[in-house]
Amino acid sequence: MTQFSLNLNKEAYFMISLFIISIISVTSCSEQVKTPEKIPYNNQMKEQFIDDITMAINTLDSARTNTGDLKKNFLKSRKYFKKTEPILASLDIENYGFLNQPNILKIEEEDYTDIKIKNPSGYQVLEEEIFTEHIDTTVINKHLDLVSNRLKLIKKNISFNHIKTYHFLWLLRKSIIQISLTGITGFDSPVLENSLEESKTVYQSLKTYLAIFEKEFKNKKLFDHWNTEIDASISDLKGDFNTFNRYDFIKNHTHKQLELWNKIVADWNVSFPFDLAIKNDATSLFSANTYNNTYFADRNSGKTTPEKIALGKKLFYDTNLSSDKKISCATCHHPDKAFTDGLKIGAGVTRNTPTLLYSGLQQAFFYDKRAGSLEGQIIAVVENENEFHTDLETLGKVVAQDSNYLKAYKTVFKNQKVNNAQIRNAIASYIRSLAPFNSKFDQNINGIENTLTKSEINGFNLFNGKAKCATCHFAPIFNGTVPPNYRESEIELIGVPKENDTINATISEDLGRYDVYKTEQRKHFFKTSTVRNVSKTGPYMHNGVYQTLEEVLDFYNRGGGAGIGIDATYQTLPPDPLHLSKEEIKDIIAFMNSLEDQTKYEN
C-alpha cells in the first residue's frame, strides 16, 4: 500500500475509500487475512466496537418488542450507534451510509439500462417515523428490522485485522471533521435536533479509542492535551441547538484538534501512503491548502504545475478557440463577476451561468450533473452550437498552429504532440486553481483577522443551525459535495418557481436531472451550487428567477416550492417554514456576503 502514488485518479480514490481505508468490506464473509504489520491495538478496538454495536442492536430489538418504550429504546440505540460512528464511518462507508441516510428516495443512475430506485431506511428514517404525531407501527417495525439486521451483519463480519496506525489516525481526524461539518448542523438529526448531545457521544467515543493508543505517545503531555481538549469540546457542546455558537466551536476546537492531530503524526512518526480529499497536513478547514485537488480531478489529469495552470489560463481567455473567433470561456465567465456573467440566462443557453470559483471541488458538473469532470464539461461547451460551436479535433489544430502554445506545450507536456485532451486538461487545471479561500470569513475563522461583525458570525451560526442551509450547502465549500468523504455532489428538488411569484406560483419548466436519464423521480432536480462569492453571482437559481438574496431567503423561509403552493412530490427541501425573523435573514445575508474572495482576477 505504501507504493501508491499521490496522483491517484478519482476511481482509484473511490476504491481506496471502499477497500483500503475500510480494509475489508463488512458485507464480505471471506476468511480474514492476517498480516505481520498488524498494530497491537486491533483487538482492543474491536472489543470496544463490538460492545457498542451489541448495545445498539439490543436496545433496537427492545424497541421492536416493547412498543411502550419505543422512543426511549430508539434513543438508546441511536446513542450506541453514534459511539460506533468513528469506526464504522471509516471501515464501512456503504453500511454506515445506509444506517445514517436521510429520509429521501435514493436514485442510482449508471446508464439508461441500470437505474436503481431505493427506499431509504436507517436511524434518520426511524427518527422521523417515531417522533411524529401519528405513528405507523407497521412501518416502524419494518425499519427496526432492517436496521437491526444490518447492524447484526456488521457485527458478524467486521474485521480489524488489517488496520494500521495511519488508518486509526485517519478515522480520528475524519470523525472530528464530520462532527464540525455535518454533526453540529443537524444533518443527521432532522426532527429532534439532538446533534449537540450526539456530538458529545462521538467525542467520548474518540477519547475511549485514543486511550487504547496511550502507549504510542512518546510525548505524554500531548496525550494529556488531547484529553483536555476533548473534555473542553464536550463541555462546550451545550445549550440550545439554534443558539449554539458553531463559529466559535470550529475556530477554537476543530482547528485546534487538526493541529494536535498533526502533532500526533509527528510524535508517532507516522507516514501516509497518499492524501485523501483533505490533505494530511491540513490544520484548517477553510484554507487553500486544505483540499487535495487530485482527489476531485479527472482520472487522467496528471500532475498540476504552475506552468500547466498558466497554459490553461491563456486558453481560457483565447477567443481563437471558437468557430467565429469571438467567444472564449471568459465570455460567459467574467472574472470581475466571480466568473459568472451577471445575466438571468445567458445568450444561447437555457440556464443561469454558475460561478467557476471552487467548481473543481465537486464530483459532478452542470446543473443536471451530466458531466463527471471539468474535462468532460469542457467537451460539451466546445461542441455546443450556441457556445464554441466547434469540435475537439479542430480545437487541437487551432492550438497546434500557434507557436506560443507549442512552446508552452513542450514545457508542460514534455514535447508531446498537441491534442484536445491536453487542451481540456490545461483549462481544467486553471479552473481547479480558482479556490483561494481568502474571504473575510476565511481570514477570521483562521485567526488572521478579527473583523467579523456580530451579525456575520450570527449569520454563520444560523446558516449552520436554525436555517438548515448547511444540510445542503456544506461548509467550508458551501456547495453540495458531501463531507467528510467528498464522494458525491448532491442534487435537490427545492421547487424553484418559473417566475418570482408567491401567489400563483408554478414550478420552473426546466426538468433538470430528468433530461439526462428520464427518471421520473428526478424531475426538477438540480445540483447544489456554492454560495461562496454569492455577493457577485446574482441573479440566483438555475433560471435566475431571483434578483436579490433577500428574495432567495424569503423562498427558503417559506419552505421552498411547497411553501408557495407548488406541489412537488419528491421535494427534498423540508416544506415547513423556517420562521426566520427579518433580523435573522439580514444576518444570514451578511454572513454570505463575507464569503466574497479578496483575489482580483485578470486575463
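Summarise the environment of glutamine 416; cite the residues concerned and give the values.
The residue glutamine 416 is located in the loop between α16 (403-412) and α17 (420-432) in this model. Put simply, glutamine 416 and leucine 406 are ten residues apart on the chain and 9.6 Å apart in space, counted from C-alpha to C-alpha.

Explain helix α21 (residues 549-558) residue by residue, including any values.
Helical periodicity: at 3.6 residues per turn, an α-helix aligns residues three or four positions apart in one direction. Looking only at α21, the buried set comprises Leu549, Val552, Leu553, Phe555 and Asn557. Buried residues along α21 sit against α22 (560-563) and α23 (582-593). Positive phi appears at glycine 559, one or two residues downstream of α21, with a value of about 105 degrees.

Any details on helix α6 (residues 137-157)? Residues and values, ideally.
Here α6 contains 21 residues, and its C-alpha end-to-end distance of 30 Å stays within 8% of the 30 Å for a straight helix at 1.5 Å per residue. By the burial criterion, the buried members of α6 are Ile140, Asn141, His143, Leu144, Val147, Ser148, Leu151, Ile154 and Asn157. Contact partners of the buried residues in α6: α2 (42-65), α3 (70-91), α4 (93-99) and α5 (123-130). The backbone nitrogen of threonine 138 has a side-chain oxygen 3.1 Å away, supplied by the residue at the start of α6, namely aspartate 136.

Outline the environment of alanine 408, listing residues and values.
Residue placement: alanine 408 occurs in helix α16. Along the chain, alanine 408 and leucine 311 lie 97 residues apart, while their C-alpha atoms are 6.7 Å from each other.

Describe unusual backbone geometry, listing the residues and the values that go with them.
The linkage connecting alanine 475 with the following residue, proline 476, adopts the cis geometry, with an omega of 0 degrees. The amide bond that connects proline 483 to the next residue, proline 484, takes the cis arrangement and shows omega of 0 degrees. Positionally, proline 484 belongs in the loop between α19 (454-463) and β3 (491-492). In this structure, asparagine 269 is a non-glycine residue whose phi angle is positive, near 55 degrees. With respect to the helices, strands and loops of the structure, asparagine 269 is situated in the loop between α10 (246-268) and α11 (293-296). Of note, the phi angle at asparagine 533 is positive, near 60 degrees, even though the residue is not glycine. In this structure asparagine 533 comes out as buried when scored by relative accessible area, which is 2%.

A description of the packing of aromatic side chains should follow, citing residues and the corresponding values.
Under the defined criterion, the tally for this structure stands at 44 aromatic pairs. Where phenylalanine 168 meets tryptophan 268, the ring centres are 6.4 Å apart and the plane angle is 15 degrees; that geometry is what we call stacked. Of the two residues, phenylalanine 168 is situated in helix α7 (residues 165-181) and tryptophan 268 in helix α10; the sequence distance between them amounts to 100 residues. Classification of tryptophan 268 by relative accessible area gives buried; the value is 6%. For the cation-ring pair, arginine 246 lies above phenylalanine 241, with the distance from its terminal atom to the ring centre recorded as 4.6 Å.

So what's going on with the pattern of salt bridges? Which residues, and what values?
In total, this model carries 29 salt bridges according to the counting rule given. Here lysine 83 makes a salt bridge to aspartate 52, at a shortest N to O gap of 3.4 Å. In this pair, lysine 83 sits in helix α3 while aspartate 52 sits in helix α2, placing the two residues 31 residues apart along the sequence. By relative accessible area, which is 22% here, lysine 83 ends up partly exposed. The partner of lysine 498 in a salt bridge is glutamate 509, with the nearest N and O atoms 3.0 Å apart. Here lysine 498, found in the loop between β3 and α20 (514-517), pairs with glutamate 509, found in the loop between β3 and α20; they are eleven residues apart in sequence, far enough to count as distant. Through salt bridges with shared partners, a single network forms among Arg78, Lys82, Glu85, Asp188 and Glu198.

An account of a nonpolar patch on the surface is requested, with residue identities and associated values reported.
A surface patch of nonpolar side chains, about 200 Å² in accessible area, is lined by Leu75, Val191 and Leu192. Summarising the element assignment, valine 191 is placed in the loop between α7 and α8 (195-212). For valine 191, a relative accessible area of 36% puts it in the partly exposed group.

Now, about the nonpolar core: what can you tell me, with residues and values included?
Core analysis: the biggest nonpolar cluster contains 89 residues, and Leu315, Phe316 and Met592 have the highest contact counts within it. In terms of residue count, the dominant contributor to this core is α17 (six residues).

Could you give an account of the packing of helix α9 (residues 220-236) against α10, naming the residues involved and the relevant values?
Running from N to C, α9 and α10 point in directions that differ by 160 degrees, and their axes come no closer than 11 Å. Between α9 and α10, the angle is such that the two are roughly antiparallel. Along this stretch, α9 crosses α10, giving a crossing that reads as left-handed. Two secondary-structure elements touch here, α9 through Leu222, His225, Trp226, Glu229, Ala232, Ser233 and Asp236 and α10 through Phe249, Asn252, His253, Lys256, Gln257, Leu260, Trp261, Lys263, Ile264 and Asp267. A class-by-class count of the residues in the contact of α9 with α10 yields seven nonpolar, five polar and five charged.

What counts as what
Residues numbered from 1 in each chain as written. Predicted model: local features only at pLDDT ≥ 70, side-chain atom pairs only at ≥ 80, totals over all residues. Heavy atoms only, no water. Helix = DSSP H or I, 4+ residues; strand = E, 2+ residues; numbered from the N terminus. Buried < 20%, exposed > 50% of the residue type's maximum accessible area, 1.4 Å probe, protein only. Contact = heavy atoms within 4.5 Å. Expected span 1.5 Å × (residues − 1). Polar contact = N/O pair within 3.5 Å; in protein donor to acceptor, adjacent residues only side chain to side chain. Phe/Tyr/Trp six-rings, centres within 6.5 Å; stacked < 30°, edge-to-face > 60°. Lys NZ or Arg CZ within 6 Å of the ring centre and 35° of its normal. Salt bridge = Lys/Arg side-chain N within 4 Å of Asp/Glu carboxyl O. Patch = residues over 30% accessible without salt bridge, like charges linked within 9 Å, V, L, I, M, F, W, Y side chains within 5 Å. Areas by Shrake-Rupley, 256 points an atom, 1.4 Å probe, with all protein chains shown as cover. Core = buried A, V, L, I, M, F, W, Y, C linked by side-chain atoms within 4.5 Å. Axes fitted to C-alpha atoms, helices over the stretch in contact; angles between N-to-C directions. Parallel < 35°, antiparallel > 145°, perpendicular 65-115°, else oblique. Left-handed = near helix turned anticlockwise from the far one by under 90°. Nonpolar A, V, L, I, M, F, W, Y, C, P; charged D, E, K, R; others polar.

Distances and angles like these do not, on their own, reveal function.
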